[in-house]
Protein chains: 2
Amino acid sequence: MTDDLLARRKRLMGPNVPTFYTNPVHIVRGEGVWLWGADGTRYLDCYNNVPHVGHCHPHVVQAIATQAATLNTHTRYLHDLVLDYIEQLTASLGHGLTQAVMVCTGSEANDIALRIAQAATGKTGIIATDNTYHGNTAAVSVLSTRRPPVGGYPDHVRLVPAPDMLRPVGGRLEGQSQAFAANVARAIHELEQSGHGFSGMMICPIFANEGIPAVGPGFFEPTTRAVKEAGGLLLVDEVQPGFGRMGSHFWGHEWLGIAPDVVTVGKPMANGHPVAATVARPGIMAAFRNAFGYFNTFGGNPVSAAACLATLHVIRSEGLQQHAAEVSRHVHERLHSLRHPLLAEVRAAGLFFAIEFVLDADMTPASAFTESLVERMVARGFLLNRIGRHGNALKIRPPMPFSVENADMLLDALEDELSRLPVMAP
Amino acid sequence: MTDDLLARRKRLMGPNVPTFYTNPVHIVRGEGVWLWGADGTRYLDCYNNVPHVGHCHPHVVQAIATQAATLNTHTRYLHDLVLDYIEQLTASLGHGLTQAVMVCTGSEANDIALRIAQAATGKTGIIATDNTYHGNTAAVSVLSTRRPPVGGYPDHVRLVPAPDMLRPVGGRLEGQSQAFAANVARAIHELEQSGHGFSGMMICPIFANEGIPAVGPGFFEPTTRAVKEAGGLLLVDEVQPGFGRMGSHFWGHEWLGIAPDVVTVGKPMANGHPVAATVARPGIMAAFRNAFGYFNTFGGNPVSAAACLATLHVIRSEGLQQHAAEVSRHVHERLHSLRHPLLAEVRAAGLFFAIEFVLDADMTPASAFTESLVERMVARGFLLNRIGRHGNALKIRPPMPFSVENADMLLDALEDELSRLPVMAP
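Residues numbered from 1 in each chain as written. Chains lettered and ligands numbered in written order. Predicted model: local features only at pLDDT ≥ 70, side-chain atom pairs only at ≥ 80, totals over all residues. Heavy atoms only, no water.

Concerning the overall build of chain A
For chain A, the count of helices and strands is 13 helices and 15 strands. For 426 residues, the compact-globule estimate of 2.2 N^0.38 gives 22 Å, and chain A sits close to it at 21 Å. Sorting the 426 residues of chain A into buried and exposed places 65% on the buried side. Restricting to contacts in chain A with at least 6 residues of sequence separation, those with at least 24 account for 74%. With the model as given, the accessible surface of chain A reaches about 13900 Å², and the carbon-plus-sulfur share is 50%. (Helix = DSSP H or I, 4+ residues; strand = E, 2+ residues; numbered from the N terminus. Rg over C-alpha atoms; globule rule 2.2 N^0.38 Å. Buried < 20%, exposed > 50% of the residue type's maximum accessible area, 1.4 Å probe, protein only. Contact = heavy atoms within 4.5 Å. Areas by Shrake-Rupley, 256 points an atom, 1.4 Å probe, with all protein chains shown as cover.)

Structure below.
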């Protein structure tokens, strides 16, 4: 059956369509933190952040079903739900971020964020890190180094080295914050020299795709100064850390201690229903709205708004942020007691964990070892994956209802696998 | 209440957020071809193509509710529904268009179509008409002339004059097909000279945003030859004409009689649920898949696939394409009997109608008159709008279940308003 589905995928979707795992799983049902395969296998979901309040949460499902049966139009007509939602979303953000554009994907949200920076500054240059991902539209995909665009990388994009505390610039941990900022300042200077000018810098405040490196609050301060002094906007992609996952804070930028000019939200926002948003301060938003006359047919429709409101309601009514903080502390403690010759570092950003494996003191990535570990954990019924530039860190990022008991199941299995898994060649 | 919503919109969304009508309507409920305002007013929906099989169609609502309660993940796991849908969708297309990328909006679908053309040809130049709209991402929004992008129009995009049979090139109708193709050939030559090269031309096969000008099958033949001879791809945006709306054909390109290299679908595809797709032949799709490693988190999720399958099922089981053909014939006949001094032309493309008004024999657009007519029709409970470069044509594009009786209600009211409405200054 799996082979049949793989053959059909190749025939109907083409080659190089990403799947997870050597033997991709065929999932047919979900509930809370659990997923079931077509063969009856039950998996503990230790990976998916999109089903934020748990797979198929009945409150969100009911909100979608009820609104879909009542009305589903667009924002060229007036409706209260989209406004109710923007009101609640922006109230949680602060920093004067009071206005939103509702769209359907994080990619669309970031595509707009780039144009907001351009409209507000009149310039086009943009900076990101060299190991990030902010989406898949033509405009934002060039912020990723995974594949070069046809026609080459555009000159208005400059990528700076991603933070990496295991491989610090200059070989020592002190001064990494300044070293990062110095690269940003250099990129700003280059953009200004090139004639593009500097419109803004886009970051994920926990550097999720960079592998949640062990940066902390304050790390970004020298960079913020460089960005602000150059008149650029700080574009903060909250698609991964947002909506309480940090535990200690509702948003990643609160944790990092920065004041964004623009915030984008997506994936977990409506528990899997396709919705996302770009939030900005009024003056900045007006620059964009007047420059582009933007309209998105599906963006902010009543069903999407109902799904967003229901998800936010569940996060609050079930105390999921506080829950994430508690489970994060427990997992982090247990991670620190993990022992393996290749284990280099364990890192946590709320309910988001990375466990990095290296082959030697030069921090040579143990990518094959980590891949093998993932496969063995999947075979035991735990869905997780890898993260970071070399895929040598386990990525654990479960739905928010993931409990201490779920965490203990995962960590018991992980300890057992680590005790069995031989040290492998790269 | 409406004033309050408008004030809240301005506060929460910013300025210049598009609404319809001088007094925007506040819609709270929909069923079939009917919408209800918050004040109890019932409107006949003569405008919306997104609720393709009728507002809140119970079969589609049920499919969404059932699947949302069962599983909603992504295509990195295997699932059959997305494959079932691509199989059915591509089976309806022909021309070897057997593979799809599932996304969330028509904008994302067209953003990919442009990159497919670039990946397949290794070139970047793109051609569209000068009065079109293919979406709102940074990459596709530059195909529209509504607002100039920050930093100016990019050099790799060339726009050719849109077809307009009321204002034909050279003043006579004969040879318009060749005149259009000559402009395309000139643009291709310019792109080749500029170094960008020519990757493809994107069109809506009924030129919907251009005002469904009175072109017919065969019009595009000389252009197709020019595009193919230059090695470019024909990118056909079926977001508006597709899924049976033409009545005579399931797709707009079938009606126009052209063989697309890439087809994009969106709006009506899942009756309002945010989903869209880009379809191409295997060789072309492989070029894209290998060049970009594209993945879309929400694209092709099981709920979206279920909504797509349900919509396609309703189109077929309720015979909506045949129904559209019958109602189109009836409306077209009645439109031809409309009389008004400013009436220049009535046009139909299946269940999509345009009624163009001009002030004089020089075809000066009667934009203010048309705007006033729209407002009066809305006040009578008929939702419709304007189309074309100068907004001087009524745009009538109802949900597919729109019946002969619905059409007669609309046309009786329209005849009455035309008999009352004085000839106005521009």
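After that view, the rundown keeps rolling.
Some words on the relation of the copies chain A and chain B
Take chain A, turn it by 180°, move it 0.0 Å along the axis, and it overlays chain B with an RMSD of 0.0 Å. Expressed as a symmetry operation, the mapping of one chain copy onto the other fits a two-fold axis. Measuring from the rotation axis to each C-alpha of chain A, the shortest distance belongs to A:Ala65, at 2.5 Å. Of the interface residues in chain A, 100% have counterparts in chain B that sit at the interface too, so the contact is made through matching surfaces. (Least-squares fit on C-alpha atoms with pLDDT ≥ 70 in both.)

Thoughts on the confidence of the model for chain A
Averaged over all residues, the pLDDT of chain A is 96; the fraction at 70 or higher stands at 99%. Overall fold confidence (pTM) sits at 0.97, and the ipTM for the predicted complex is 0.97. (pLDDT = per-residue confidence, 0-100.)

So, the interface of chain A and chain B
Taken together, the 98 residues of chain A in the interface contact 98 residues of chain B. Counting each side, the surface lost to burial between chain A and chain B is near 8100 Å², with a carbon and sulfur contribution of 61%. If you sort the residues of chain A by the area they bury against chain B, A:Tyr77, A:Leu78 and A:Phe298 come out on top, with a joint share of 11%. Linking chain A with chain B are six salt bridges. Note that B:Glu87 and A:Arg11 form a salt bridge whose closest N and O atoms lie 2.6 Å from each other. (Buried area = accessible area lost by both parts, 1.4 Å probe. Salt bridge = Lys/Arg side-chain N within 4 Å of Asp/Glu carboxyl O.)

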